[in-house]
Amino acid sequence: MKILVIEDEKALAGLIEQTLQKSGYGVTLAGSVAEAREKLAQPFEAIISDRRLPDGDGLDLVAELRAANNATPVLMLTAMGLPQERVKGLDAGADDYLPKPFSLYELQARLRALLRRSGGPQGVKLASGNVTLDTLHGTVQVDGKTVPMGKRELSLLTELMRRAGQVVSKDVLEHGAPSGGRNALEVALHRLRKNLADHGADIEIATVRGVGYWIVDENAAPAAQ
Ligand code: CA
């Protein structure tokens, strides 16, 4: 479960990071709107964002995401706890609003509620061609039959299926993977392609040289479980 935390107060950002990591979340920190935009090249299950950032308002970033059809749930943190500010935040597309100062317990409870509403912990069923992937149980099926799959291949397939029909960059696919360089990625992809082909999958993982990989399936669409 990957969470992007956008907060420029380093001490607070560190505290949130530690707390969430202890609860088993993967945390990526961004200290500015620009940095957050960069990090958002990869998908997150949720975003926790401060409003007053050195280069802008966290709320503008939320509006930007929503305009781009990015529905990642957002919890806004801010010292601006006035009711009209809260309404403004929700109007801009934030899913919840937590005024500072807040307790870390409350932050975690709000995050859990947010993920529950967005279907996070219940998992998502992804489908491409005759392949389905259950993100909660980490299972892959071809035509309804389970395909055994290593952890690395499963995480690659998840990233690719989440963005079926789009080219996914090597950097995104390598994110969070054990180090081993480009070659390790290619080896894992080779195994994944073979595994899928051996089990009769009708999707193909195509290479865009020097850029990344993508799943060729025109009918691909994520479906909620
Ligand atoms: Ca701030």
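Look up a bit, the structure's there.
Residues numbered from 1 in each chain as written. Predicted model: local features only at pLDDT ≥ 70, side-chain atom pairs only at ≥ 80, totals over all residues. Heavy atoms only, no water.

Asker: Got a minute to help me understand the coordination of the calcium ion in this structure?
Answerer: By definition of the ideal shapes, four donors in a tetrahedron about a metal sit 109.5 degrees apart, and six donors in an octahedron sit 90 or 180 degrees apart. All of the protein donors around the calcium ion are Asp8 (OD), Asp50 (OD) and Arg52 (O); their distances to the metal are 2.1 to 2.4 Å. Along the chain, the residues that donate to the calcium ion are spaced as D-x41-D-x1-R. Here aspartate 8 is found in the loop between strand 1 (2-6) and helix 1 (10-22), whereas its partner aspartate 50 is found in strand 3 (residues 46-50), with 42 residues between them in sequence. (Donors = N, O, S within 2.8 Å, 3.2 Å for Na, K, Ca; no water. Helix = DSSP H or I, 4+ residues; strand = E, 2+ residues; numbered from the N terminus.)

Asker: How should the sheet that holds strand 13 (residues 204-208) be read in this particular structure?
Answerer: Two modes of strand pairing occur in sheets, parallel and antiparallel, and in both the strands are linked by backbone hydrogen bonds. Sheet architecture is open: three strands sit in the order 12-14-13, paired in antiparallel fashion. The open sheet terminates on both sides in strands that have one partner only, identified here as strand 12 (168-169) and strand 13. One ladder, built from two bridges, connects strand 12 with strand 14 (residues 212-216); its direction is antiparallel. Paired with valine 168 across the two strands is tyrosine 213, which belongs to strand 14. (Pairing = 2+ DSSP bridges.)

Asker: What exactly am I supposed to notice about the pairing of strand 14 here?
Answerer: Successive residues of a regular strand alternate their side chains across the two faces of the sheet. Direction of pairing for strand 13 relative to strand 14: antiparallel, over a ladder of five bridges. Residue threonine 207 lies in a different strand from strand 14, and its bridge partner there is tyrosine 213. Turn length for the strand 13-strand 14 hairpin, with the two strands adjacent in sequence and antiparallel, is three residues, and the turn residue glycine 210 shows positive phi of about 75 degrees.

Asker: What is the right way to read the packing of helix 1 against helix 5 (residues 104-117) from this model?
Answerer: Each pair of packed helices can be described by the angle between their axes along with the distance between the axes. The interhelical angle for the contact between helix 1 and helix 5, taken along N-to-C directions, is 60 degrees, at an axis separation of 11 Å. Overall, the two elements helix 1 and helix 5 adopt an arrangement that is oblique. Crossing hand, helix 1 versus helix 5: right-handed. Along the contact surface, helix 1 presents Leu15, Ile16, Thr19 and Leu20, while helix 5 presents Leu104, Leu107, Gln108 and Leu111. For the contact of helix 1 with helix 5, the residue count by class is six nonpolar, two polar and no charged. (Axes fitted to C-alpha atoms, helices over the stretch in contact; angles between N-to-C directions. Parallel < 35°, antiparallel > 145°, perpendicular 65-115°, else oblique. Left-handed = near helix turned anticlockwise from the far one by under 90°. Contact = heavy atoms within 4.5 Å. Nonpolar A, V, L, I, M, F, W, Y, C, P; charged D, E, K, R; others polar.)

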